[in-house]
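Okay, here's what each chain looks like letter by letter:
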Amino acid sequence: MSREDRQLVDSLARGFAILECLSRARKPLGNGEISTMVDLPPSTVSRLTHSLTVLGYIRRSPSQRAYELTPKNLMLGYPVLAGMSLLDRARPYLKSISEQTGETVTLAVRDGLYATFLEVVQGVNLVAVRLSTGGRLRLAVSASGIAMVASLPEKEKRSITTRIRADIARRGEDPAIFNSALEECEATGVAIVRNTWQKGVGGIAVAMQVQGELAALTIPVATGSVGEEEMRSTLAEALQNAASIISPGYDSQPG
């Protein structure tokens, strides 16, 4: 959040920060945990969680003094999903690729410094990676994120990569992994990562534009079972073929 933006309503932004924090958590969170995660004073968090509870977007967990999201949040997302022609176009191809390969296939869009999965078709392979619709991964470590960043206009790409590298530095991570994957994707149109966000998990992705909406088709894989050669050949070709149909202007070799 930019402190220099005079049009930004701080309380609204902070409220959404808490909702995003809870959406990423795998368990209910107390005010103290939320305070740490969103970097706000406990007293501020307490007022915001009270307000969000009154409005019906969060509730106290019945088993502990902590908060969790309520189904009311789905009302915000369903109209967006229902109205997205991108999702309508992509869904049959996600299913087809998953049936062909046995792997999980996803459609992701960019949300700040994260890639969010709008649709997930779970693979039938015993070792297929399991992801959830609505789940998020950092752009810096996900194939879908790198593919989308590589496809941005140059000015926007410079801005977002600066933010990504600052986040990588803050986390004490090695920027060379992100830089290398991004450079390769810019040259080939295919993003490939292995063991970046989680050991034993990799991903391959291609980006596409549909009616101005940037998205990525992605296949997450178990790196112990799927080699890099297969990712670069069979799986890459399946994604590129689908992207060329979903997005007629798709260019598989932007570099």
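Coordinates for the structure precede this section.
Thresholds, definitions, all that
Residues numbered from 1 in each chain as written. Predicted model: local features only at pLDDT ≥ 70, side-chain atom pairs only at ≥ 80, totals over all residues. Heavy atoms only, no water. Phe/Tyr/Trp six-rings, centres within 6.5 Å; stacked < 30°, edge-to-face > 60°. Lys NZ or Arg CZ within 6 Å of the ring centre and 35° of its normal. Salt bridge = Lys/Arg side-chain N within 4 Å of Asp/Glu carboxyl O. Helix = DSSP H or I, 4+ residues; strand = E, 2+ residues; numbered from the N terminus. 1 Å grid on protein atoms, 1.4 Å probe; cavity = no way out; pocket = protein on both sides within 12 Å on 5 of 7 lines; lining within 4 Å. Points joined across faces, edges and corners; volume = space filled by probe spheres on them. Nonpolar A, V, L, I, M, F, W, Y, C, P; charged D, E, K, R; others polar. Axes fitted to C-alpha atoms, helices over the stretch in contact; angles between N-to-C directions. Parallel < 35°, antiparallel > 145°, perpendicular 65-115°, else oblique. Left-handed = near helix turned anticlockwise from the far one by under 90°. Contact = heavy atoms within 4.5 Å. Buried < 20%, exposed > 50% of the residue type's maximum accessible area, 1.4 Å probe, protein only. Pairing = 2+ DSSP bridges. Patch = residues over 30% accessible without salt bridge, like charges linked within 9 Å, V, L, I, M, F, W, Y side chains within 5 Å. Areas by Shrake-Rupley, 256 points an atom, 1.4 Å probe, with all protein chains shown as cover.

A. Focus on the packing of aromatic side chains. One pass over the structure, following the stated rule, counts 0 aromatic pairs. The positively charged end of Lys 72 is found above the aromatic ring belonging to Tyr 57, 4.6 Å away from the centroid. Taking the ring centre of Tyr 114 as reference, the NZ or CZ of Arg 136 above it sits at 4.2 Å.

B. A look at the pattern of salt bridges. Scanning the model with the defined rule gives 15 salt bridges in all. When the shortest N-O distance is used, the salt bridge between Glu 68 and Arg 59 registers 3.0 Å. Arg 136 is the salt-bridge partner of Asp 111, the closest N and O atoms lying 2.7 Å from each other. Remark: Arg 136 occurs in strand β5 (residues 136-138) and Asp 111 occurs in strand β3 (residues 105-111); sequence separation between them is 25 residues.

C. Quick look at empty space enclosed by the protein. Enumeration according to the criterion identifies 1 cavity of 30 Å³ or more in this entry. The volume enclosed by the largest cavity comes to roughly 80 Å³. Taken together, Phe 117, Leu 131, Leu 137, Ser 142, Ala 143, Ser 144, Val 193, Trp 197, Gly 202, Gly 203, Thr 218 and Pro 220 make up the lining of the largest cavity. When contributions to the lining of the largest cavity are tallied by element, the ones reaching two or more residues are α6 (143-150), β7 (201-210) and β8 (213-222). Split into classes, the residues belonging to the lining of the largest cavity amount to 7 nonpolar, 5 polar and no charged.

D. Region of interest: the packing of helix α7 (residues 154-170) against helix α8 (residues 175-188). Between α7 and α8, the shortest axis-to-axis distance is 10 Å and the interhelical angle comes to 155 degrees. The pairing of α7 with α8 is recorded here as roughly antiparallel in orientation. Remark: the crossing between α7 and α8 carries right-handed chirality. Touching Lys 157, Thr 161, Ile 164, Arg 165 and Ile 168 of α7 are Pro 175, Phe 178, Asn 179, Leu 182 and Glu 186, all from α8. When the residues that make up the contact of α7 with α8 are grouped by side-chain class, the tally is 5 nonpolar, 2 polar and 3 charged.

E. Fine view of the pairing of strand β4 (residues 114-121). Within β4, 7 of the 8 residues are buried, which leaves the element mostly enclosed by the surrounding structure. Where β3 and β4 come together, 7 bridges link them in antiparallel fashion. Across the sheet, residue Arg 110 finds its bridge partner in β4, namely Ala 115. Hairpin remark: β3 followed by β4, antiparallel, with 2 residues in the connecting loop; positive phi at Gly 112, about 65 degrees.

F. Representation of a nonpolar patch on the surface. A contiguous nonpolar patch, built from Val 9, Leu 12, Phe 16 and Leu 76 and spanning about 380 Å² of accessible area, is present on the exposed surface. Position of Leu 12 among the secondary structure elements: in helix α1 (residues 10-24).

G. Summary view of the sheet that holds β8. A sheet is described by the order of its strands in space; here 6 strands give the open sequence β5-β4-β3-β8-β7-β6, paired in antiparallel fashion. Pairing within the sheet leaves two strands with one partner each, and these edge strands are β5 and β6 (191-194). Mean inter-strand twist for the sheet, computed between neighbouring axes without regard to direction, equals 30 degrees. Here β3 pairs with β8 via 4 bridges, running antiparallel. In the strand pairing of β8, Leu 107 is matched with Leu 217. Running at roughly 140 degrees to β3, helix α5 (residues 85-101) makes contact with β3, β4, β7 and β8 of the sheet.

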